[in-house]
Amino acid sequence: MYKILLVEDNPDDIVIIKKLLKGFEVEEAQTGREGIEMLKKDDFDCVLLDYRLPDTNALKVLSEIRRFSSSPVIILTGIKDERLITGTSRLGAVGFLVKDEINTEILSSSILNAITSEKKEEFLAKTEGIYEKLIDSMNEGLFALDIQDVIVFTNKRMEEMFQNQSLMGKNLSSIMDNGEYRVFKKNASKSKPTSFEFSFSLQDGSSLPVLISSSPLFDKNGVFNGFLCVVTDLSRLKEMEEMLSLAQKLAGASYVASQAAHDIRNPLSTVVAGIYMIRRFMGGDEKVERIISQIEGACHRMNTYIEDLLHFSSPLSVNLRNIEINSILKEFLDDPFFKELKGIEIKEELEEGLPFISGDPERLKQVLFNLIKNACDSMQQGGIIKIKTYQNKDFVGIDITDVGGGIDEEHLDKIFSPFFTTKGKGVGLGLCIVKKIIDSHKGEIRVESKKDKGTTFTILLKKSFT
């Protein structure tokens with residue numbers, strides 16, 4: 001049962017109002033001061049305050065009440081006065097009733113509406129901070145636009161997506177390029193909620209793939225008032241999609257390789273057997289022996305490449321031992337393949353007295369072959385490939401530099417990815433395998449390139465201290 005304080009000095013009005021308030025607990029005060037003191041001592045759900053009191057008027061009483069109580073107050077008066085309504089409303093009165101016009105239904109509904117409104121405001125005041133924290137703790141970004149596309153609200157996650165850029169008060173067109181803004185305007189509907197994939201350009205030049213769920217906002221008269229947009233970061237999902245796509249490609253490559261391995265290995269076995277017979281009947285000649293050894297090395301590398309394709313998704317096996325990188329390079333460059341390159345000159349700049357490294361000679365030759373082959377492919381009109389070795393504190397370094405067409409900056413972070421190629425031929429595994437080999441040596445591989453000026457691959461291999 002709701003508890004009502006009636007501040008009224010007219011005995012007849014007190015009797016009538018109490019009869020109308022069946023179902024309410026009513027206490028009465030006959031002066032403004034008495035009513036104020038009762039409110040200070042006890043809680044009331046609503047106050048019915050007569051405008052004219054023997055010691056004061058409703059405006060003064062209401063002003064005093066608002067200093068210590070938020071109980072809803074309804075003003076009772078004998079006549080309707082707009083100035084009175086305005087004055088009491090400014091002081092926080094929630095209702096205004098003319099005594100001659102009230103009945104049980106009007107009075108009861110006015111009190112219940114006042115109580116409900118007050119409790120709603122109390123609830124919102126108490127929970128406002130909770131909702132703000134909830135909105136700021138969302139995993140999704142949130143922003144609101146007015147009819148001029150100005151951002152009038154945003155949460156913390158939205159600003160985090162924009163690299164902590166302040167968005168409040170900015171026009172949406174100022175944080176998007178023209179193409180993005182046109183896409184947003186095309187997809188955000190003023191009549192119904194819509195969802196669409198989008199890409200934000202960020203301050204550092206990167207892009208952020210997102211899903212925007214846009215809902216139109218309307219005022220109480222149904223007039224369009226802007227948009228509320230929920231923004232979901234899709235970057236992790238896109239990465240997972242790429243990983244799934246890569247896994248599918250790897251599975252396909254493994255299947256193709258396994259099917260092809262048998263057909264390749266059979267003639268390769270014949271070549272190896274033929275080398276054995278040639279060595280048996282023609283061995284002894286130093287020049288012939290060197291050529292036979294080179295053919296054997298090429299066959300061995302070919303077999304290694306097949307194994308790499310078959311076991312691409314598993315770690316590469318390496319046979320590490322102490323080696324001197326200059327010796328490996330000289331042996332490698334003695335291959336007839338490099339003697340027959342047309343228009344390509346290979347210059348060696350090898351530092352003497354380099355320390356040993358822990359490496360697999362055949363794997364490192366595979367790395368060198370891939371990098372030099374790529375350098376040759378980039379210099380269709382010929383040019384110079386410079387191979388330089390050196391040492392620093394912990395590493396022995398190898399630089400392979402060409403003067404070819406270079407690599408586009410947008411591709412530099414992708415060149416070691418499986419199946420990425422700009423050549424229009426091949427499967428794009430060469431540089432990926434190169435990186436796997438260097439990683440298996442606990443080394444590093446870096447690349448620097450300028451369009452139309454050339455490329456340098458740097459390999460750093462740890463010194464051997466045993």
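Residues numbered from 1 in each chain as written. Predicted model: local features only at pLDDT ≥ 70, side-chain atom pairs only at ≥ 80, totals over all residues. Heavy atoms only, no water.

Q: An account of the overall build of the chain is requested, with residue identities and associated values reported.
A: When helices and strands are tallied, the chain shows 13 helices and 17 strands. Here the chain, with 466 residues, has 38% of them falling under the buried criterion. At a minimum sequence separation of 6, the contacts of the chain that also span at least 24 residues come to 58%. Accessible area of the chain: about 27000 Å², with a carbon and sulfur share of 52%. (Helix = DSSP H or I, 4+ residues; strand = E, 2+ residues; numbered from the N terminus. Buried < 20%, exposed > 50% of the residue type's maximum accessible area, 1.4 Å probe, protein only. Contact = heavy atoms within 4.5 Å. Areas by Shrake-Rupley, 256 points an atom, 1.4 Å probe, with all protein chains shown as cover.)

Q: Explain the nonpolar core residue by residue, including any values.
A: Within the largest apolar cluster, 40 residues are counted, with the highest numbers of intra-cluster contacts made by Ile325, Leu371, Ile372, Ile385, Ile445, Phe457 and Ile459. When contributions to this core are tallied by element, the ones reaching two or more residues are helix H10 (325–333), strand E12 (344–350), helix H12 (361–378), strand E14 (383–391), strand E15 (395–402), helix H13 (430–440), strand E16 (444–450) and strand E17 (454–462). In terms of residue count, H12 provides more of this core than any other element does, 7 residues in total. With sequence-adjacent residues up to four places away left out, Phe457 is seen in contact with Leu371, Ile398, Asp399, Ile400, Ile415, Phe416, Leu431, Ile445, Arg446 and Val447. In this structure, Leu167, Ile175, Val210 and Phe227 belong to the second largest nonpolar core, which totals 22 residues. (Core = buried A, V, L, I, M, F, W, Y, C linked by side-chain atoms within 4.5 Å.)

Q: Before we move on, can you summarise the pattern of salt bridges with the specific residues and values?
A: As enumerated under the stated definition, the model contains 17 salt bridges in all. Ionic pairing is found between Glu27 and Lys3, a salt bridge with its closest N-O pair at 3.7 Å. One end of the pair, Glu27, is in strand E2 (residues 25–29); the other, Lys3, is in strand E1 (residues 3–7), and 24 residues separate them in sequence. Counted as one network, the salt bridges with shared partners bring together Glu8, Asp13, Asp50 and Lys99. (Salt bridge = Lys/Arg side-chain N within 4 Å of Asp/Glu carboxyl O.)

Q: Account for the packing of aromatic side chains, naming residues and giving values.
A: If you walk through the whole model with that rule in mind, you get 9 aromatic pairs. Ring centres of Phe162 and Phe200 lie 4.8 Å apart, and the angle between their planes is 65°; this geometry places the pair in the edge-to-face category. Of this pair, Phe162 sits in the loop between helix H6 (156–161) and helix H7 (178–187) while Phe200 is found in strand E8 (residues 194–201), placing the two residues 38 residues apart along the sequence. Look at Phe162 and you get buried, because its relative accessible area is 2%. (Phe/Tyr/Trp six-rings, centres within 6.5 Å; stacked < 30°, edge-to-face > 60°.)

Q: Which residues make up the packing of helix H2 (residues 32–41) against helix H3 (residues 58–65), and what values go with them?
A: One way to put it is that H2 packs onto H3 with a least axis distance of 10 Å and a crossing angle of 20°. Between H2 and H3, the interaxial angle falls into the category roughly parallel. Read as a crossing pair, H2 and H3 show a hand that is right-handed. Taken together, the residues of H3 that come into contact with H2 (itself represented by Gly32, Ile36, Leu39 and Lys40) are Val61, Glu64 and Ile65. Grouping the constituent residues of the contact of H2 with H3 by class yields 4 nonpolar, 1 polar and 2 charged. (Axes fitted to C-alpha atoms, helices over the stretch in contact; angles between N-to-C directions. Parallel < 35°, antiparallel > 145°, perpendicular 65-115°, else oblique. Left-handed = near helix turned anticlockwise from the far one by under 90°. Nonpolar A, V, L, I, M, F, W, Y, C, P; charged D, E, K, R; others polar.)

Q: Describe the sheet that holds E2, listing the residues and the values that go with them.
A: An order of E2-E1-E3-E4-E5 is seen for the 5 strands of this open sheet, with the pairing classed as parallel. Either end of the sheet is taken by a strand with one partner, and the two such strands are E2 and strand E5 (95–98). Across the sheet, the mean angle separating the axes of adjacent strands is 20° when strand polarity is ignored. Across 4 bridges, the pairing between E1 and strand E3 (residues 46–50) is parallel. For Ile4, the partnering residue across the bridge sits in E3 and is Cys46. Across the sheet, helix H1 (residues 11–20) is in contact with E1, E2, E3 and strand E4 (73–77); its angle to E2 comes to roughly 165°. The strands that H2 touches are E1, E2 and E3; relative to E2, the one it contacts most, it runs at about 135°. (Pairing = 2+ DSSP bridges.)

Q: Lay out the sheet that holds strand E6 (residues 141–145) in plain terms, naming residues and giving numbers.
A: With antiparallel pairing, the 5 strands of this open sheet are ordered in space as E7-E6-E10-E9-E8. Looking at strand neighbours, the two that pair on one side only are strand E7 (151–154) and E8, the edges of this open sheet. Averaged over all adjacent pairs, the angle separating strand axes in this sheet is 30°, with direction ignored. Across 3 bridges, the pairing between E6 and E7 is antiparallel. Residue Phe143 lies in a different strand from E7, and its bridge partner there is Thr154. Sheet strands in contact with H7 are E6, E8, strand E9 (207–218) and strand E10 (224–233), and its direction is about 170° off that of E8.

Q: Mind laying out H3, listing which residues take part and the relevant values?
A: The α-helix winds at 3.6 residues per turn, so residues separated by three or four positions along the chain end up facing the same way. Residues of H3 that are buried include every one of Ala58, Val61, Leu62, Glu64 and Ile65, and no others. In an axial view of H3, the angular spread of the buried residues amounts to 160°, which keeps them on one side of the axis. N-cap assignment for H3: the residue whose side-chain oxygen lies 3.0 Å from the backbone N of Leu59 is Asn57. (Arc of directions from axis to C-beta. Polar contact = N/O pair within 3.5 Å; in protein donor to acceptor, adjacent residues only side chain to side chain.)

Q: So what's going on with unusual backbone geometry? Which residues, and what values?
A: In this structure, Gln163 is a non-glycine residue whose phi angle is positive, near 55°. In this fold, Gln163 is placed in the loop between H6 and H7. Given a relative accessible area of 32%, Gln163 falls into the partly exposed group.

Q: Give me the lowdown on the environment of Asp43, citing residues and values where you can.
A: Along the chain, Asp43 turns up in the loop between H2 and E3. C-alpha of Asp43 to C-alpha of Lys3: the two residues are 40 residues apart in sequence and 8.0 Å apart in space.

Q: Got a sec to walk through the environment of Ser173? Specific residues and values, please.
A: The topology assignment puts Ser173 in the loop between H6 and H7. Taking the relative accessible area as the measure of exposure, Ser173 reaches 31% and is therefore partly exposed. Among the polar contacts listed, one links the side chain of Ser173 to the side chain of Asn171, at a separation of 2.8 Å.

Q: Any chance you could break down a nonpolar patch on the surface for me, citing the residues and the numbers?
A: Together, Tyr276, Met277, Ile278, Phe281 and Met282 make up an exposed nonpolar region whose accessible area comes to about 550 Å². Within the fold, Phe281 resides in helix H8 (residues 235–282). (Patch = residues over 30% accessible without salt bridge, like charges linked within 9 Å, V, L, I, M, F, W, Y side chains within 5 Å.)

Q: For H10, give the residues involved together with the corresponding values.
A: Buried within H10 are the following residues: Ile325, Asn326, Ile328, Leu329, Phe332 and Leu333. Down the axis of H10, the sector holding all buried residues measures 160°, keeping them to one side.

Structural measurements only, silent on function.
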